[in-house]
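Spelled out, the chains give:
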Amino acid sequence: MSYLRYLALTLTLTLSLSAEDGYRLWLRYDLITDESLRASYVHSLSRINFITRSGVVSPTISVAREELIAGINGLTGLKSEIALGSSVAQSNFGAEGFALGRNATGTFTIHANTDVGILYGVFDLLRRIQTGQSIETLNVTSTPKIQQRLLNHWDDLNRFVERGYAGFSLWEWFNLPTVRNPRYRDYARACASLGINGTVLTNVNANALILTPPYLTKVAALAEEFRPYGVRVYLTARFSAPIEIGGLKTADPLDPAVAAWWKAKIDEIYTYVPDFGGFVVKANSEGQPGPQDYGRTHADGANLLADALAPHAGIVMWRAFVYAAENTQDRVKQAYREFMPLDGKFRDNVVIQIKNGPLDFMPREPFSPLFGGMTRTPLALELQITQEYFGGSTQLAYLASMWKEVLDADTFNAGPARGELVESGATVARIIDGTRHNQHLSVIAGVANTGTDRNWTGHPLAQANWYAYGRLAWDHTLSAESIAREWAQLTYGPNPATIQTITKILLGSLETVVNYSMPLGLHHIMAEGHHYGPGPWVEHARPDWSSRYYHQADPLGLGANRGVTGSNALETYAPELRALWGNLETCPENLLLWFHHVPWDHQLKSGHPLWDELCLHYQQGVDEVRVMQQEWASLKGSIDAERFAEVQARFRRQELDARDWRDACLLYFQEFSKRPLPTGVEPPAHDLAYYKSVKLRYAPGHPGDK
Ligand code: GCV
């Protein structure tokens, strides 16, 4: 190695070890230090062919080419030559898939039917190089399993992000359309690197102003920035917009004037954004207006918008997150009761967007019964990437582990001819990707965790959740572990010990948070409003916003009885699951208190009575945070100082928070159990009155006090 090359390499290594602010995400393209590996890539990649059907240089082909040249150059020092060819034959990798491999003459080729397929192929190839995979004999094709892979931003027009923990909204509405932050393109590039192909710009708690011309001009500017990266723009529609910005007296979906207004409005939107994707709608939920204000159904509301979007090939994602204080049914049954009678009554371009669980993104929930129930309507899975119930961006929780639980869950829905007794293969993944019921439309949505923080996600390790969401949206068969490993290597470099440690930390982190916050199927016992930290004592005028509604603690025991002697929410699931979950002895312990009111002295599999087991779970959560801290400390010197210190500080805070959760919840539940803490559980630092008196002010992601 020449002296100059040695100097350059040392400088690169030193820089990458000292100054890393996380902005580059998983797209770092640092020089590969293993010389023989680098040489093998140089050998394979000096000339690369892009083959599309048209063979024409489009903005997407240009960004694909730029990305590939910069990536290969950064990783290997090589300046590849890229040629563009065409092939009239339609290949079997669909509108967005691609093939990678060498052609008969040995030239490396990326082949796709469309330009965006080439872009996805470029990112796939670069990912393989960054993770040190051999490409000499590579011959693969890849196609996404779900058509619309979207981020949902809960961003307000004043740039506040509801449940956002990484700063303000990325969208600078005031300065748009004239001033365009270069970050818009970096955002779209990051999305494209994962195959995310759409973004809903605005909060589901919607503001009708976004549909007015001044804002549509701004939306058009963002759409223009994202378009080369294959990211389409969607908006949220406020159901009362015809009144608020249209001057009508009603928003009744069956009123012809209302239908005409939406038709004209939607036609207008397409003059600004010709490839506009459509709307997400939250209606008749948590104060949002909707069709029920006029005695109409959710189907009436969704179809109204769908009819106006259909000529433009736009879609409606109508949310099933509906519940009402006046409804005396168990909250976790309400959406099921509302939507089941409407199955099959929606237009072809409507998708029902359902949160993973029937309640609200809790640390652990069973899957929403609507996935097993509605067979004649396309269903979208809504996941929350932002960590509303997982400690914001202060705490670490790698959510892919939870998302895999729901994707792989068997609904036991055998279709109209139900009755299979063994695994039915009707997993949530197969229902939402459309293969189970032959749906023509498939959608997955993730509530974004991005913001203006330099590292995009606040917690440096929370980038893994954005990454994992995108990877699973493309291919839900990937494992949480392989994604974690891949992300760790892309983001922290090739050292096997570092990758191993970070992967281990990520994989354990979800259960750690569950343990110290809501173990054994407990749910909705967080602090009121901002939802950060414990609040099992929270009492609200609305019973369904009070913790007791969910934990049901009393002198006899703990947990919500959702079986036949209780709310019977179990009836919303297939018979196989009713039998499994409805029996105290066979119900998985991680859902025990979700389905059962369990006596304090009921013996669990460990041999411990419920009370002791509960206490030990809380203690285990705290202990596990301490282990994560130690594991992270072992990385000192092997990763850059900046990200090391940032994560280390957050782990310190997470330990304090975990202790608060443990102490507050155990002191509170002890008032009912009247039992001592078992051996091995640390005594609380304060009394219950202290924890009840803690008022966190100005917590991020919540408008809070003025
Ligand atoms: C956007 C929960 C959150 C709300 C959110 C709502 C929803 O209730 O706390 O902030 O509102 O879910 O998903 O609509």
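Here the structure is shown first, and the text comes after it.
Criteria and thresholds
- Residues numbered from 1 in each chain as written.
- Predicted model: local features only at pLDDT ≥ 70, side-chain atom pairs only at ≥ 80, totals over all residues.
- Heavy atoms only, no water.
- Buried < 20%, exposed > 50% of the residue type's maximum accessible area, 1.4 Å probe, protein only.
- Helix = DSSP H or I, 4+ residues; strand = E, 2+ residues; numbered from the N terminus.
- Pairing = 2+ DSSP bridges.
- Right-handed = clockwise from strand over helix to strand, strands pointing away.
- Expected span 1.5 Å × (residues − 1).
- Salt bridge = Lys/Arg side-chain N within 4 Å of Asp/Glu carboxyl O.

> I tried to follow the pairing of strand β8 (residues 232-236) on my own but got confused; where do I start?
A regular strand carries its side chains on alternate faces of the sheet. Taking burial as the measure, the five residues of β8 include four buried ones, the bulk of the element. The sheet contact formed by strand β7 (residues 198-200) and β8 spans three bridges and is parallel. The residue of β8 that forms the bridge with Gly 198 is Arg 232. One crossover worth recording links β7 to the parallel β8 by way of helix α6 (residues 213-226), and it is right-handed.

> I keep staring at unusual backbone geometry and nothing clicks. Help me out?
Negative phi characterises most residues that are not glycine, and trans characterises most peptide bonds. For the bond from Leu 176 to Pro 177, the omega torsion is 0 degrees, close enough to zero to count as cis. In this fold, Pro 177 is placed in the loop between β6 (148-152) and α5 (183-194). Backbone geometry at Arg 163 places phi at a positive 60 degrees, although glycine is not the residue there. In this structure, Asn 438 is a non-glycine residue whose phi angle is positive, near 55 degrees. Along the polypeptide, Asn 438 turns up in the loop between α13 (428-432) and β13 (443-447).

> Is there a simple way to think about helix α14 (residues 463-474) in this case?
Helical geometry note: an α-helix holds 3.6 residues per turn, so side chains three or four residues apart project in the same direction. Given a rise of 1.5 Å per residue, twelve residues ought to cover 16 Å, and the 17 Å separating the end C-alpha atoms of α14 matches this to within 8%. Judged by how many residues are buried, α14 sits mostly within the fold: twelve of twelve residues are covered. Taken together, the buried positions of α14 are occupied by Gln 463, Ala 464, Asn 465, Trp 466, Tyr 467, Ala 468, Tyr 469, Gly 470, Arg 471, Leu 472, Ala 473 and Trp 474.

> In this structure, what is going on with the pattern of salt bridges? I would like to understand it.
Two side chains that carry opposite charge are able to pair once their charged atoms sit near each other. Taken as a whole and assessed by the stated rule, the structure comprises 46 salt bridges. Residue Asp 252 is joined to Arg 296 by a salt bridge in which the shortest nitrogen-to-oxygen separation is 2.9 Å. Separated by 44 residues along the polypeptide, Asp 252 in the loop between α7 (241-244) and α8 (256-272) and Arg 296 in the loop between β9 (278-281) and α9 (298-309) bring together distant segments of the chain. Residue classification places Arg 296 among the partly exposed residues on the basis of a relative accessible area of 27%. Here the residues in one salt-bridge network are Asp 623, Arg 626, Glu 655, Arg 659, Arg 662, Asp 663 and Glu 682, joined through shared partners.

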